[in-house]
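Below, each chain spelled out in residue letters.
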Amino acid sequence: MDLNTYLTQLRRDLVLSVEELERISVAFQGAMAAGLAGKPSSLKMLPSFIGLPTGKERGNVVAIDFGGTNVRVLDAELDGAGSIQVKRMIRFPLIDDKAGYNYLNEKADAGQLFGYIASKVAQLVRPGVDYSLGHTFSFPCQQLSINKARLLLWTKEIKTRGVEGQEIGALLDAALVHAGLPRVKSDAIINDTVGTLLAAAYSRKNVDVASICGTGHNTCYLEPAHPLTGGPMIVNMESGNFDIVPQTRFDKALDAGSEYPGQQVVEKMISGYYLGEIARLILSEMSEMGLLPKSENLAKHQILRGADLDRILEDTGDLSGTQDVANRCLLMDKLSLEQRMALQTVITLLAQRSARFVASTFQGTLLHVDPELEKPHFIAIDGSLYEKMPGYAAWLQQALDELNPGALGRVSTLLAKDGSGIGAAIAAATAAKEARG
Ligand code: GLC
């Protein structure tokens, strides 16, 4: 088979027509309804016990933003008049090979992980000051109240022992006490999608959906009448786990070889952590068929990182940037122009498929809250794919427009950068106010 024929077949597997997007959005809407009603569904539809902010939330707060390898801790002040000042922020990794620690593998336990995070909080808070703490913890949690959340399972290939099944607020509180911080009170735990929604809705109207399109993928939305309370509540859908989607042989192979097969099916087709891996599987097949050179690196995990994919996507002319990535990551020097173009096509097809999948799940969400799409909706998004990947934001909007030819301009996306940390600060101030009455 020649390169062109291979790519034609690959397009058949990876290009999602508008009809397919519609089918996925209808299935997504069905899964939302089932999950909300407590019926079996791949959408967990987790209640967050918080609605949208009013802008009047105030106080000194500390926020922790933990959603992967890098954690941020911030000290912020909300003035009660819609403005938030981040006074200090520290950012630190939970894995540092040089320093000789890794709190995210199976050798580490809950006490070590949260102890390390608490030690960083201790570096930031001022002595003698009372703080409300908001914790963005971006993993699927069964929320019991605004400050109690039980980790259902780790995602993002994390394996720290003694955390799954535990109540995260209690683990953090114990670590804070141990670190000598009795004046820091853990008042709220939220998902990063919820933080992103809170942060965006704090300063803008008509934001009712928020999503992370980065290393991981997930979306939350404001449910106008939640079955638990009858009132508005943000729901963390854990939409990365949605599974009524057409998987290719590459997606199935990636899932089978991952830490948690069968979990986070769509996240493994969409998110930044996995896009390079799917590409690697496709390139391996091409190499085995003689369409690309052989390379021992094709057997190694995570050889193509987000920045490499971005470099290939933005490349033009004779595609020398693509050749650089091929040299460095794939150990393939001297590809022909045709092979470099094929490499760029593979990455483009995967990135477009990701953006279009995401759009179809947004569409399902919007139709759930506003079946006729009568109102304007902003979808706040954070994450490296949306922020940095060349073409991604435009493909996403284009797919939304294809799905809504009658509502052009009413459905828009916007970047909500670092909203998850700010959102934790807002959640802490909201919860503290409610607790004080
Ligand atoms: C994973 C987590 C989810 C989080 C998302 C984005 O899908 O399960 O909770 O929101 O990544 O960080």
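A quick note: this is a predicted structure, and the numbers were derived from the prediction, not measured.

Draft legend 1. View of the overall build of the protein. Helix and strand content of the protein: 14 helices and 15 strands. Taking 2.2 N^0.38 as the reference for a compact globule, 437 residues should give roughly 22 Å; the C-alpha atoms of the protein span a radius of gyration of 22 Å, in line with that estimate. For the protein, the spread of C-alpha atoms along the three principal axes comes to 70 × 55 × 40 Å. For the protein, the residues scored as buried account for 57% of the 437 residues in total. In the protein, of all internal contacts separated by at least 6 residues, the share reaching a separation of at least 24 is 66%. Total accessible area on the protein is roughly 17,800 Å²; 51% of this is exposed by carbon and sulfur atoms. Measuring between centres, the 43 positive side-chain charges of the protein sit 4 Å from its 50 negative side-chain charges.

Draft legend 2. Focus on the sheet that holds strand 3 (residues 70–79). Within the open sheet, the five strands sit side by side as 4-3-2-7-10. Their pairing is mixed. The sheet is open, and its two edges are formed by strand 4 (84–93) and strand 10 (184–190), each paired on a single side. Between one strand axis and the next, the sheet turns through 20° on average, direction left out of account. Along the sheet face, helix 3 (residues 110–124) touches strand 2 (58–66), strand 3, strand 4 and strand 7 (131–137) and points at about 140° away from the line of strand 4. Helix-sheet contacts for helix 4 (residues 168–178) involve strand 2, strand 7 and strand 10, and the interaxial angle to strand 10 is about 155°.

Draft legend 3. Fine view of the site of the ligand. Lys156, Asn191, Asp192, Glu238 and Glu267 are the nearest of the 15 residues found near the ligand. In this structure, an oxygen atom belonging to the ligand sits 3.3 Å away from a main-chain N or O atom of Phe139. Asn218 is positioned such that a nitrogen or oxygen atom in its side chain is 3.0 Å from an oxygen atom of the ligand. Protein burial of the ligand: of its 310 Å² of free accessible surface, 98% is covered by the chains. Breaking the shell around the ligand down by element, the ones donating at least two residues are helix 5 (192–203) and strand 12 (217–223). Looking at the shell around the ligand residue by residue, the class counts come to three nonpolar, eight polar and four charged.

Draft legend 4. Here's a closer look at helix 9 (residues 306–314). Those residues of helix 9 lying buried are Asp308, Leu309, Asp310, Ile312 and Leu313. Tucked inside the fold, the buried residues of helix 9 contact helix 8 (272–288), helix 10 (320–330), helix 11 (337–369), helix 12 (384–388) and helix 13 (392–403).

Draft legend 5. A look at the pairing of strand 8 (residues 141–145). Taken together, the four bridges between strand 8 and strand 9 (residues 148–151) define a ladder with antiparallel strand orientation. The partner of Gln142 across the bridge, within strand 9, is Arg150. From the end of strand 8 to the start of strand 9, which pair antiparallel, there are two residues.

Draft legend 6. Quick peek at the pattern of salt bridges. The full count for this structure, using the stated rule, is 16 salt bridges. Between Glu277 and Arg280 there is a salt bridge, with its nearest N and O atoms 3.0 Å apart. You can see Glu277 and its partner Arg280 sitting in helix 8, three residues apart, about one turn around the helix. Of the residues examined, Arg280 reaches a relative accessible area of 7% and is grouped as buried. For Arg311, the salt bridge is made with Asp324, and the minimal N-O distance between the two is 2.9 Å. Taken together, the residues span a long stretch of sequence, with Arg311 in helix 9 and Asp324 in helix 10 at a distance of 13 residues. Each of Asp13, Arg249 and Glu285 takes part in a single network of salt bridges with overlapping partners.

Draft legend 7. Quick look at the packing of aromatic side chains. Within the structure shown, the criterion is met by 14 aromatic pairs. Here the aromatic rings of Phe66 and Phe137 are separated by 5.5 Å at their centres, their planes lie at 75°, and the arrangement is edge-to-face. Here Phe66, found in strand 2, pairs with Phe137, found in strand 7; they are 71 residues apart in sequence, far enough to count as distant. Considered together, Phe66 and Phe137 belong to a single accessibility category, that of buried residues. Here the basic side chain of Lys156 rests over the ring of Phe139, its NZ or CZ set 4.7 Å away from the ring centre. Across from the ring centre of Phe378, 4.7 Å away, lies the NZ or CZ of Arg204, which sits over that ring.

Parameters and conventions
- Residues numbered from 1 in each chain as written.
- Predicted model: local features only at pLDDT ≥ 70, side-chain atom pairs only at ≥ 80, totals over all residues.
- Heavy atoms only, no water.
- Helix = DSSP H or I, 4+ residues; strand = E, 2+ residues; numbered from the N terminus.
- Rg over C-alpha atoms; globule rule 2.2 N^0.38 Å.
- Buried < 20%, exposed > 50% of the residue type's maximum accessible area, 1.4 Å probe, protein only.
- Contact = heavy atoms within 4.5 Å.
- Areas by Shrake-Rupley, 256 points an atom, 1.4 Å probe, with all protein chains shown as cover.
- Lys, Arg positive; Asp, Glu negative; His and termini not counted.
- Charge placed at Lys NZ, Arg CZ, Asp CG, Glu CD.
- Pairing = 2+ DSSP bridges.
- Axes fitted to C-alpha atoms, helices over the stretch in contact; angles between N-to-C directions.
- Near = heavy atom within 4 Å.
- Polar contact = N/O pair within 3.5 Å; in protein donor to acceptor, adjacent residues only side chain to side chain.
- Nonpolar A, V, L, I, M, F, W, Y, C, P; charged D, E, K, R; others polar.
- Salt bridge = Lys/Arg side-chain N within 4 Å of Asp/Glu carboxyl O.
- Phe/Tyr/Trp six-rings, centres within 6.5 Å; stacked < 30°, edge-to-face > 60°.
- Lys NZ or Arg CZ within 6 Å of the ring centre and 35° of its normal.

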